[in-house]
Amino acid sequence: MSAALFYIFAGLLLGSALFVVLNRNPMYSIVALVFAFANLAGLYFLLEAYFIGVLQVLVYAGAIMVLFLFVVMLLNVQPDQPQLGVVPLERWWYGVLVILFVVLLLILVGRGAQGSLPAAGDEASSIGSVRAVGEALFTKYLLPFEIAGLMLTVALVGTVFLAKRRI
Amino acid sequence: MVVPLMHVITVAGLLFTIGVMGVLFRRNAIIVFMSIEIMLNAVNLAFIAFSRYHNDVNGQVFVFFIMTLAAAEVAVGLAIIIGVYRNLRTSYITDINSLKH
């Protein structure tokens, strides 16, 4: 994978994710999140996971974010008013704990994973192709695949049930 | 020039932390929900990085299932947010506390 491209995509991804969390206007947050997911798809392509990259753009940046956009427009959400000191003290402690946890996890992982990712074309890899992923999905993971379809059906029925005023 | 695996995993860790901070410090339910999506995507990135590192397709199948789960979760969650808004006229999680009082 190309190192320069990786750092550009990673920087844009982290920057737009921070923008999502820090911005007061939900509309801007959604657009920034679409941008973040597009950058993440770029990272997937660099990591030679082509099928997942396309799915990321289609499912996340396309379908899911359009759903968010519709809900924000439907609810007519106004930008938050600044309210300093409204965050309870214990939440800061939760935040510190989570940061500590992630750092410890990274240290632990870093001991085992010292290597670097193979450069593009260095080592012919076809694990990210539609063929390889599809083969795994329809042989080894056939039952989970069917269950995922069932779960989507249940979610569809549940969404209609929740959103409809009168059944 | 190649990228060390640790750098990709660090990006995933930072993304996860940003998502957790969004869940902890934002009051708008929709932003909280988007932060949860960010956390799911951080996990996906770690899966893909290790899948490439070990040259193993199983990680990508896992990411596929996580995406399916996220789609279902978003549909149901947003329906719940709309339902709450219809009843309480608010989408702030600090205002939704009728079980507490």
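Quick notes on the rules
Residues numbered from 1 in each chain as written. Chains lettered and ligands numbered in written order. Predicted model: local features only at pLDDT ≥ 70, side-chain atom pairs only at ≥ 80, totals over all residues. Heavy atoms only, no water. Contact = heavy atoms within 4.5 Å. Buried area = accessible area lost by both parts, 1.4 Å probe. Salt bridge = Lys/Arg side-chain N within 4 Å of Asp/Glu carboxyl O. Helix = DSSP H or I, 4+ residues; strand = E, 2+ residues; numbered from the N terminus. Nonpolar A, V, L, I, M, F, W, Y, C, P; charged D, E, K, R; others polar. Core = buried A, V, L, I, M, F, W, Y, C linked by side-chain atoms within 4.5 Å. Buried < 20%, exposed > 50% of the residue type's maximum accessible area, 1.4 Å probe, protein only. Domains from an automatic or database assignment. Axes fitted to C-alpha atoms, helices over the stretch in contact; angles between N-to-C directions. Parallel < 35°, antiparallel > 145°, perpendicular 65-115°, else oblique. 1 Å grid on protein atoms, 1.4 Å probe; cavity = no way out; pocket = protein on both sides within 12 Å on 5 of 7 lines; lining within 4 Å. Points joined across faces, edges and corners; volume = space filled by probe spheres on them. Polar contact = N/O pair within 3.5 Å; in protein donor to acceptor, adjacent residues only side chain to side chain.

Chemist: Honestly, the interface of chain B and chain A in this entry has me stumped. Any pointers?
Modeler: Often the size quoted for an interface is simply the accessible area lost on bringing the parts together. Contact residues are listed per partner, giving 70 residues for chain B and 83 residues for chain A. Across the chain B/chain A interface, buried area totals approximately 7000 Å², and carbon plus sulfur atoms make up 76% of it. Scanning the region where chain B abuts chain A turns up one salt bridge. When the shortest N-O distance is used, the salt bridge between Glu48 of chain A and Arg52 of chain B registers 3.4 Å. Those elements that provide at least two residues to the side of chain B that touches chain A are α1 (5–25), α2 (29–54) and α3 (58–88) of chain B. Per element, the largest residue contribution to the side of chain B that touches chain A is 23 residues, and it comes from α3 of chain B. Its residues assigned to classes, the side of chain B that touches chain A comprises 49 nonpolar, 15 polar and six charged.

Chemist: Explain the nonpolar core here, please?
Modeler: When a protein is soluble and globular, its nonpolar side chains tend to lie buried together. Membership of the largest hydrophobic core comes to 69 residues, with the highest contact counts inside it found for Ile52 and Phe68 of chain A together with Ile30 and Leu45 of chain B. If you tally residues by element for this core, the top one is helix α3 (residues 50–75) of chain A, at 11 residues. Two domains each donate at least three residues to this core, and these are domain 1 (1–78) and domain 2 (126–167) of chain A. Apart from residues lying up to four places away in sequence, Ile30 of chain B is in contact with Phe68, Val71, Val72, Leu75 and Val77 of chain A together with Ile81 of chain B.

Chemist: Explain the packing of α2 of chain B against α3 of chain B to me, please; I cannot follow it from the model alone.
Modeler: Between two packed helices, both the angle of their axes relative to each other and the distance between the axes serve to describe the pair. All names here are of chain B. Interhelical geometry of α2 versus α3 gives an angle of 175° and a closest axis separation of 9 Å. Between α2 and α3, the angle is such that the two are roughly antiparallel. Of α3, the residues touching α2 (which contributes Ala29, Ile30, Phe33, Ile36, Glu37, Leu40, Val43, Asn44, Phe47, Ile48 and Ser51) are Gly59, Gln60, Phe62, Val63, Ile66, Met67, Ala70, Glu73, Val74, Gly77, Leu78 and Ile81. The residue makeup of the contact of α2 with α3, split by class, is 16 nonpolar, five polar and two charged.

Chemist: So what exactly am I meant to see when it comes to empty space enclosed by the protein here?
Modeler: In this approach a probe as big as a water molecule rolls over the atoms, and the regions it shows empty are the leftover space. If you walk through the whole model with that rule in mind, you get one cavity of 30 Å³ or more. Taken together, Leu13, Ala17, Leu33, Ala36, Phe37 and Leu40 of chain A together with Leu15, Ile38 and Asn41 of chain B make up the lining of the largest cavity. Contributing elements (two or more residues each) for the lining of the largest cavity: α1 (3–22) and α2 (26–46) of chain A together with α2 of chain B. Taken together, the residues of the lining of the largest cavity sort by class into eight nonpolar, one polar and no charged.

Chemist: Could you clarify how one ought to interpret the domain arrangement of chain A in this entry?
Modeler: Residues and elements named next belong to chain A. Assigned domains of chain A: these are domain 1 (1–78) and domain 2 (126–167). On a C-alpha basis, the centroid separation for the pair domain 1 and domain 2 is 22 Å. Across the domain 1/domain 2 interface, buried area totals approximately 300 Å², and carbon plus sulfur atoms make up 77% of it. Of all residues in domain 1, the largest losses of buried area upon contact with domain 2 belong to Glu48, Tyr50 and Phe51, amounting jointly to 90% of the total for that side. Between the two partners, domain 1 and domain 2, sit zero salt bridges. Along the contact surface separating domain 1 from domain 2 lie zero residue pairs in polar contact (both at pLDDT 80 or more). The class makeup of the residues in the side of domain 1 that touches domain 2 is three nonpolar, no polar and one charged.

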